[in-house]
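Geometric and topological summary
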Number of protein chains: 2
Amino acid sequence: MRTRIPILKLRDTLIVSIQWELDDQMALSFQEDLLNKLHSTAARGVVIDLTSIDFIDSFIAKVLGDVISMSGLMGAKVVITGIQPAVAITLIELGIRLEDVSTALDLENGLEKLERELED
Amino acid sequence: MRTRIPILKLRDTLIVSIQWELDDQMALSFQEDLLNKLHSTAARGVVIDLTSIDFIDSFIAKVLGDVISMSGLMGAKVVITGIQPAVAITLIELGIRLEDVSTALDLENGLEKLERELED
């Protein structure tokens with residue numbers, strides 16, 4: 001239990017801040033927890049903040065891409081914030097295009113962007 | 001590293017959501033991390049959300065009381081949100097009065113309360 005990532009709910013939005021490298025099991029637990037919480041809270045948006053992450057491996061990148069697609073299927077918009085250069089490089093090199101996802105510089109901007117998108 | 005509690009920064013405020021029982025080491029790491037982050041970000045407020053916690057032991061209760069006092073010394077206001085009945089009972093029975101601290105029902109209310117207090 002202790003190695004799970006906390007998911008915060010703020011109004012209509014779930015906020016997740018990933019602040020250290022995930023191992024594979026944590027990444028899968030995170031995916032499951034987030035989707036369950038989307039279902040139980042009926043949240044309409046998700047902000048995933050990667051500000052503190054300066055490296056992701058291919059498995060984590062894939063899980064991240066999957067989480068975004070799955071959240072979209074469940075009707076939630078996802079904004080990823082704080083993508084650092086090395087993370088951006090990894091995502092593109094692995095072919096994870098994050099096409100349906102918005103990005104923003106930091107958590108504040110991400111929440112604002114999400115609120116604007118949900119209003120539309 | 002993996003057992004640390006993520007601390008989010010949103011505008012002037014640090015947000016911490018404690019979603020499972022802490023062991024003693026995690027509680028001490030949390031105390032240290034929060035004070036360091038207060039220092040490095042110059043945040044003026046802290047919201048500690050305990051919504052998912054239905055039990056705290058005496059050591060964790062003491063650490064929590066200490067964190068609140070220490071944050072106050074560093075010039076930050078603390079709001080605790082989502083205190084459940086059993087947690088309230090433990091805190092009072094242990095003589096941890098949380099006199100200088102505001103409380104609120106949930107994260108949204110806690111952030112609003114903090115913003116109002118910081119404006120005063």
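Note that this is a predicted model, so its numbers are computed, not measured. (Residues numbered from 1 in each chain as written. Chains lettered and ligands numbered in written order. Predicted model: local features only at pLDDT ≥ 70, side-chain atom pairs only at ≥ 80, totals over all residues. Heavy atoms only, no water.)

1. So, the overall build of chain A
Filter applied, for reference: A run of H or I in DSSP counts as a helix once it spans at least four residues, and a run of E counts as a strand once it spans at least two, with each numbered from the N terminus. Values of the radius of gyration come from C-alpha atoms, whereas the globule rule sets the reference at 2.2 Å times the count of residues to the power 0.38. Burial here depends on accessible area, computed with a 1.4 Å probe over protein chains only, as a share of the maximum for the residue type. Under 20% is buried, over 50% is exposed, and the range in between is partly exposed. In what follows, a contact means two residues having at least one pair of non-hydrogen atoms within 4.5 Å.
Helix and strand content of chain A: four helices and five strands. Compactness check: chain A gives a C-alpha radius of gyration of 13 Å against a globular reference of 14 Å for 120 residues, within 12% of the reference. Referenced to the eigenvectors of the C-alpha coordinate spread, the extents of chain A come out at roughly 35 × 30 × 25 Å. Counting over 120 residues, chain A shows a buried share of 50%. Here the analysis covers contacts within chain A between residues at least 6 apart in sequence; of these, 73% occur between residues at least 24 apart.

2. Overview of the sheet that holds strand β4 (residues 77-81) of chain A
What holds strands together in a sheet is hydrogen bonding between their backbones, with the strands either parallel or antiparallel. Residues and elements named next belong to chain A. Selection rule: Pairing between strands requires that DSSP locate at least two bridges from one strand to the other. Throughout, an axis means a line fitted to C-alpha atoms (over the contacting stretch in the case of helices), and angles, computed between N-to-C directions, take values from 0 to 180 degrees.
Spatially, the five strands line up as an open sheet ordered β1-β2-β3-β4-β5, and their pairing is mixed. Strands with a single pairing partner mark the edges of an open sheet, and in this sheet they are β1 (8-10) and β5 (102-104). On average, each strand axis in the sheet is tilted by 25 degrees relative to the strand beside it, whichever way the strands run. Inspection of the sheet shows β4 paired to β5 by three bridges, in the parallel sense. Residue pairing in the sheet places V79 in a bridge with S102 of β5.

3. Quick notes on the sheet that holds strand β4 (residues 77-81) of chain B
Residues and elements named next belong to chain B. The strand order across the open sheet formed by five strands is β1-β2-β3-β4-β5, and the pairing between neighbours is mixed. In this open sheet, the two edge strands, each paired with only one partner strand, are β1 (8-10) and β5 (102-104). Between one strand axis and the next, the sheet turns through 25 degrees on average, direction left out of account. Of the strand pairs in this sheet, β1 and strand β2 (residues 13-17) are connected by three bridges, and their pairing is antiparallel. Paired with K9 across the strands is L14, a residue of β2. Most of the contacts of helix α1 (residues 24-41) go to β2, to which it runs at about 160 degrees, and overall it touches β1, β2 and β3 (45-49). Across the sheet, helix α4 (residues 107-119) touches β1, β2, β3, β4 and β5, and the angle it forms with β3 is around 160 degrees.

4. Remarks on the packing of α1 of chain B against helix α2 (residues 58-73) of chain B
Residue and element names in this part refer to chain B. Just so we agree on the cut-off: We call two directions roughly parallel when the angle between them is under 35 degrees, roughly antiparallel when it is over 145, roughly perpendicular when it lies between 65 and 115, and oblique otherwise. Just so you know the grouping, Ala, Val, Leu, Ile, Met, Phe, Trp, Tyr, Cys and Pro go in nonpolar, Asp, Glu, Lys and Arg go in charged, and all remaining residues, Gly too, go in polar.
Interaxial distance between α1 and α2 falls to 10 Å at its minimum, and their mutual angle equals 10 degrees. Considered as vectors, α1 and α2 are oriented roughly parallel to each other. Note on element contacts: α2 touches α1 through F59, I60, V63, D66, V67, M70 and S71, opposite D24, A27, L28, F30, Q31, L34, L35 and L38. Its residues placed into classes, the contact of α1 with α2 shows 11 nonpolar, two polar and two charged.

5. Section: α2 of chain B
Because each turn of an α-helix spans 3.6 residues, side chains separated by three or four positions in sequence point in the same direction. All names here are of chain B. Selection rule: Multiplying 1.5 Å by the helix residue count minus one yields the expected span of that helix. Polar contact is defined as a pair of N or O atoms within 3.5 Å, subject to the rule that within protein one atom must be able to donate a hydrogen and the other to accept it, and that residues adjacent in sequence are counted only when both atoms are side-chain atoms.
Given a rise of 1.5 Å per residue, 16 residues ought to cover 22 Å, and the 23 Å separating the end C-alpha atoms of α2 matches this to within 8%. Every buried residue of α2 is accounted for by I60, A61, V63, L64, G65, V67, I68 and S71. Looking at the buried positions of α2, the neighbouring elements they touch are α1, β3, β4 and α3 (85-93). At the N-terminal end of α2, a side-chain oxygen is found 3.1 Å from the backbone nitrogen of F59, two or three residues along, and the residue is D57. Count one or two residues on from α2 and you reach G75, which has phi positive near 90 degrees.

6. Structural notes on the environment of K62 of chain A
Residue and element names in this part refer to chain A. By the secondary structure assignment, K62 is in helix α2 (residues 58-73). On the basis of relative accessible area, K62 is assigned to the partly exposed category, the value being 48%. Measuring from C-alpha to C-alpha, the distance between K62 and M74 comes to 18 Å, with 12 residues separating the pair along the chain.

7. Thoughts on unusual backbone geometry
You will see that A42 of chain A, though not glycine, has its phi angle at about 55 degrees, which is positive. Structurally, A42 of chain A can be placed in the loop between α1 (24-41) and β3 (45-49). On the accessibility criterion, A42 of chain A (55% relative accessible area) is exposed. A positive phi angle, near 50 degrees, is found at R11 of chain B, a position not held by glycine. Residue position: R11 of chain B is located in the loop between β1 and β2.

Function-wise, these values are silent; they only describe arrangement.
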